[in-house]
Amino acid sequence: MALKLPISFPIFSPPSPNPYTNTNEPGHRPPTEIRFSHWNNANAEKFNQRRRAQQEIEDDIRRYRRFDSATKIATTVESSSSSTPQPTETYKSFGSPSSPSSPSIPGKKSKYSKPPNHPAFRKLSKAANPPPPSPLDKKPANVAIGEDGVSFVIDGAPFEFKYSYTETPKVKPVKLREPPYSPFGPTTMPRPWTGRAPLPPSKKKMKEFDSFVLPPPEKKGVKSIQKPGPYLPGTGPRYVQSREEILGEPLTAEEVKELVNSCLKSQRQLNMGRDGLTHNMLDNIHAHWKRRRVCKIKCKGVCTVDMNNICEQLEERTGGKVIFRRGGVLFLFRGRNYNYKTRPRFPLMLWKPVTPVYPRLIPRVPEGLTLQEATEMRKKGRKLMPIRKLAKNGVYADLVKNVREAFEECELVRISCQGIKGSDYKKIGAKLKELVPCVLISFEDEHILMWRGNNWKSSFSKPSSNSGIEKTNADRVSITGQLEGQELSLTYVQTAGIMEASQTTLDGMDYVGHESGSEVNTSGSAIADDIKSADAESETWTMTYGLEHILDNPGRANEGPSAMLMESHVGPMSPGSSQSHLESSVTDSINHDQLEIVAEASLDINRPARMSAPCTERVLHLMKQAVESGSAVILDDPTLDADGIYQRSVAFARSAPPGPVFRRQPRKMSIQKNKELEPGNLEVKEVTAVPHKRGYEKQASKPRRFKNIAEHHPEVVPKGSLRVDELAKLLA
Amino acid sequence: MLHAISVPNTCILCPRSRCFGQRNQGSTRFCLRASLPDNNGEFKVEYTPWLVVGLGNPGNKYHGTRHNVGFEMIDQISQSEGIALNTIQSKALVGIGAIGEVPIFLAKPQAYMNFSGESVGPLAAYYQVPLRHILLIYDEMSLPNGVLRLQPKGGHGHHNGVKSVMGHLDGSREFPRLCIGIGNPPGAMDMKAYLLQKFSPAERNQINEALEQGVEAVRTLVLNGFNQKITRFNLGQKYKHHKV
């Protein structure tokens with residue numbers, strides 16, 4: 001409660017010890033006063049009025065102060081609504097003056113007290129110490145804030161200076177947290193500002209560092225410096241100023257390889273972290289380039305989301321060239337004619353510039369969505385599996401690509417950022433928002449949830465309808481007509497049961513058979529006939545099965561469908577008209593029990609049933625041969641389970657001859673052979689598919705290379721031990 | 001023995017384009033490969049036969065285990081394409097058939113996994129299937145469960161079956177593969193025990209779905225080769241569990 005009474009005098013006064021005290025006579029002592037014999041007797045202290053007076057004075061002072069502050073509070077609280085705040089004045093408390101404890105014997109020096117005129121307490125100034133000189137005072141007059149509010153323009157500088165060249169958001173800041181100041185050190189001082197007294201000037205005269213004039217290699221105390229270069233044969237170091245000249249000719253592949261190899265294992269590297277390419281890093285790069293041709297930069301964390309931008313900015317600001325990039329590692333080459341002496345000099349940033357305030361990354365209702373949709377998405381996102389987990393200082397170079405791919409599948413994408421700092425993953429989110437164009441939905445639970453936005457377009461072109469082809473083909477099965485070179489999809493017909501399939505094919509075949517002019521017989525064999533004789537192109541796979549069942553139906557007493565097929569076939573395949581061949585087989589022996597024929601039959605039926613592509617006949621042939629030679633066997637029991645199959649295959653493998661060895665083809669030989677074999681014989685009368693075992697060895701490649709060269713450059717005499725590249729150099 | 005040779009048939013064969021056998025030399029020795037533009041005129045279908053091999057261990061004991069997903073995929077393909085696996089040749093169970101106009105062999109090597117190469121190599125050599133038309137189907141631990149990936153070439157990924165096949169294919173790696181993801185073994189589980197374990201019910205469902213999708217993919221591959229559709233398929237598989 002505020003005291004309203006103006007208290008000007010203490011309410012209560014200390015009781016005066018002596019009613020007879022006459023203040024006009026300080027020396028007067030009342031007669032009844034106790035007198036002590038010693039001067040400054042310690043015991044007399046409490047009776048010493050002067051002492052008491054000082055105490056009293058101090059008490060009074062304290063009391064005054066207490067009541068004054070109370071009064072002030074009371075009065076300001078009243079008028080606080082009307083009074084304007086004074087933001088600019090920062091109140092600095094001066095502290096209460098602490099007087100040293102006074103010695104019990106005044107004037108006596110003791111370790112607990114200091115003499116009253118001690119210099120420390122001499123001038124107890126009420127004013128605070130003057131504030132340290134703010135940088136604002138020393139701001140050089142020619143630093144201006146650039147357009148986007150975060151960059152600094154200095155006259156004569158080649159580009160605007162920023163704190164970070166890669167991590168500055170493209171969005172304009174809303175405001176600055178403090179009044180702006182120049183982050184560059186004071187330019188009025190002749191020496192760099194280190195905050196300490198100047199060092200005594202060194203007597204040693206430092207020679208100016210010229211990269212082209214190297215110290216002699218024997219000189220002691222000199223750190224290793226790499227020679228300038230690399231130089232193409234016939235050129236040397238040049239003193240040039242422009243950027244392109246410094247870079248020189250583009251590096252050849254060999255030079256690049258050499259430089260990269262020399263740098264891969266080096267320990268010296270610059271690290272780039274969450275602030276990306278900072279202004280001071282430019283100076284560090286030049287410091288590296290003083291002694292080595294290539295600067296190795298390792299990027300980790302937030303900045304790696306956009307490696308392309310980093311490379312661009314590096315090349316632009318430093319004038320070097322990125323010769324190697326892998327993941328987060330960059331190699332920056334300084335240029336052939338780089339000289340440390342003529343490098344561009346920028347003022348260093350001694351402190352971080354003012355922190356700008358950016359607009360919120362995720363508004364409650366992101367653009368393009370209503371509140372309901374947004375909450376829906378956030379809810380769905382909580383259950384979504386993240387596409388990737390980001391490590392704390394990892395390399396996120398392919399994150400953008402992955403997010404784009406993931407957007408093809410689902411409109412929401414979630415990335416797990418457990419373990420990463422909040423500010424970091426928000427920066428990642430902001431970058432993704434710009435690079436993958438997407439809309440950020442939420443950052444909850446250390447995950448980033450993104451939506452692909454309304455204007456998202458798939459990067460794949462509209463898929464061509466391969467399935468469409470198949471569908472149309474399937475239609476044609478039932479449609480009669482000239483089936484010239486039509487592929488028919490078996491799949492659609494396949495899905496029906498085999499019996500049904502056989503029915504449809506039968507129908508189809510009936511039609512086709514009709515067309516092709518064969519007689520339609522009711523007997524199983526005849527039907528098989530028709531089917532065989534029918535147009536080869538229109539046959540689907542199901543036909544084979546249909547065949548089996550057809551053959552079964554007439555009730556042949558045979559072991560199984562394969563046996564049926566076996567019977568239906570005999571004799572060599574006539575080329576081109578496998579149909580006739582099969583017909584003959586059908587009408588021929590009915591009761592053959594040779595397994596080989598079974599194989600042939602099944603295959604023959606399959607082949608023409610399938611398609612009339614010539615190579616299938618060949619395959620068929622091969623299979624037939626395999627069975628003939630005993631390397632293959634057809635299983636008659638379709639219900640054989642895995643174990644049974646295994647047993648049989650093991651047993652069979654013992655008796656079968658060893659198969660051919662797979663060899664990769666020597667190219668030259670086969671090209672020539674192909675030319676010879678170039679067939680005009682699609683209408684081949686005899687398929688002379690001589691079983692050819694591919695067993696020829698891989699040709700040695702070296703002699704062939706020599707042959708090539710000899711062909712093309714007959715004037716060059718190939719020397720015995722001359723390697724190919726040396727030859728090439730001779731020819732070049 | 002009436003041979004009703006349908007003469008029109010042979011004539012129909014004529015207008016087909018000649019064989020351009022330059023690209024892949026070895027197999028075209030006797031292979032009359034015709035490249036026929038499809039109905040759309042967009043894709044060229046190659047008629048060189050494909051050898052589709054699924055890796056796995058033979059016998060009932062290993063039926064349905066993780067390492068045998070290759071076999072399961074082959075079974076699925078044979079079911080949907082109607083190709084009977086009824087021949088034993090070169091230590092493998094082989095079935096011969098076609099997708100569209102392209103002949104394919106389906107093979108399930110009956111040698112144990114780390115000797116699979118001994119059956120695949122001779123088989124490929126005998127049928128003169130070029131290296132780029134040998135499709136190997138096997139399980140891949142580096143992919144999550146039920147995720148497929150079609151690659152034109154690759155390494156063995158410490159898969160003994162693939163290693164053996166590569167060894168018997170003259171040490172080459174440039175054959176396409178269909179990798180079926182089975183996920184990493186949980187915790188510190190022994191890798192071999194994990195591979196010879198059967199699938200859990202949830203995983204089983206995922207795998208069944210994956211098999212169906214895989215059959216589609218194989219069809220596309222055989223008919224059209226490696227094109228954008230395959231890339232699209234791979235991407236779709238990669239993110240198929242990240243849908244909401």
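Scope of this entry: the structure provided in the associated data block.

Definitions and cut-offs
Residues numbered from 1 in each chain as written. Chains lettered and ligands numbered in written order. Predicted model: local features only at pLDDT ≥ 70, side-chain atom pairs only at ≥ 80, totals over all residues. Heavy atoms only, no water. Helix = DSSP H or I, 4+ residues; strand = E, 2+ residues; numbered from the N terminus. Axes fitted to C-alpha atoms, helices over the stretch in contact; angles between N-to-C directions. Parallel < 35°, antiparallel > 145°, perpendicular 65-115°, else oblique. Contact = heavy atoms within 4.5 Å. Nonpolar A, V, L, I, M, F, W, Y, C, P; charged D, E, K, R; others polar. Phe/Tyr/Trp six-rings, centres within 6.5 Å; stacked < 30°, edge-to-face > 60°. Buried < 20%, exposed > 50% of the residue type's maximum accessible area, 1.4 Å probe, protein only. Lys NZ or Arg CZ within 6 Å of the ring centre and 35° of its normal. Pairing = 2+ DSSP bridges.

1. Points about unusual backbone geometry
The general pattern is negative phi for most residues beyond glycine and trans for most peptide bonds.
And then number 1: Phi is positive for D445(A), which is not a glycine, with a value near 65 degrees.
And then number 2: Mapping D445(A) onto the fold places it in the loop between β11 (439-442) and β12 (447-451).
And then number 3: Although it is not a glycine, Q128(B) sits at a positive phi angle of roughly 50 degrees.
And then number 4: Of note, Q128(B) is situated in the loop between α3 (116-126) and β7 (134-140).

2. Regarding the packing of helix α5 (residues 279-291) of chain A against helix α6 (residues 307-318) of chain A
Axis angle and axis distance: for two packed helices, these are the angle between their axes and the distance between the axes, and together they describe the pair.
All names here are of chain A.
And then number 1: For the pair α5 and α6, the least separation of the axes is 11 Å and the interaxial angle reads 70 degrees. Classified by the angle their axes make, α5 and α6 are roughly perpendicular. Across the interface between the two elements, L282, I285, H286 and W289 from α5 touch L314, R317 and T318 from α6.
And then number 2: In terms of residue class, the contact of α5 with α6 is made up of 4 nonpolar, 2 polar and 1 charged.

3. A closer look at the packing of aromatic side chains
Aromatic ring pairs: the centre-centre distance and the angle between the two ring planes describe each pair.
Residue and element names in this part refer to chain A.
And then number 1: In this structure the tally under the stated criterion is 15 aromatic pairs over all chains.
And then number 2: Plain terms: the ring middles of F159 and F161 are 5.7 Å apart, the flat faces sit at 90 degrees to each other, and that makes the pair edge-to-face. The exposure classification of F159 matches that of F161, with both residues buried.
And then number 3: Aromatic pair Y425 and F443: ring centres 5.7 Å apart, planes at 65 degrees, arrangement edge-to-face. Of this pair, Y425 sits in helix α9 (residues 422-435) while F443 sits in the loop between β11 and β12; the two residues are 18 residues apart in sequence, bridging distant segments of the chain.
And then number 4: The buried category is assigned to F443, whose relative accessible area is 14%.
And then number 5: Against the face of F209 rests K290, its NZ or CZ located 4.8 Å from the ring centre.
And then number 6: In this structure, R452 packs its charged tip against the face of W456, placed 4.0 Å from the ring centre.

4. Re the environment of P169(A)
All names here are of chain A.
And then number 1: As for its placement among the helices and strands, P169 is situated in the loop between β2 (152-154) and β3 (175-176).
And then number 2: Using a relative accessible area of 34% as the deciding quantity, one classes P169 as partly exposed.
And then number 3: Distance from P169 to E434, taken between C-alpha atoms, is 9.4 Å for residues 265 residues apart in sequence.

5. Details of the sheet that holds strand β7 (residues 329-333) of chain A
Residues and elements named next belong to chain A.
And then number 1: Here we have 4 strands laid out as an open sheet, ordered β4-β5-β7-β6, and mixed in their pairing. Each edge of the sheet is formed by a strand with only one pairing partner; in this case those strands are β4 (270-272) and β6 (321-326). Averaged over all neighbouring strand pairs, the angle between strand axes comes to 25 degrees, with direction disregarded.
And then number 2: Across 5 bridges, β6 lies against β7 in antiparallel orientation. Looking across to β7, one finds that R326 is bridged to V329.

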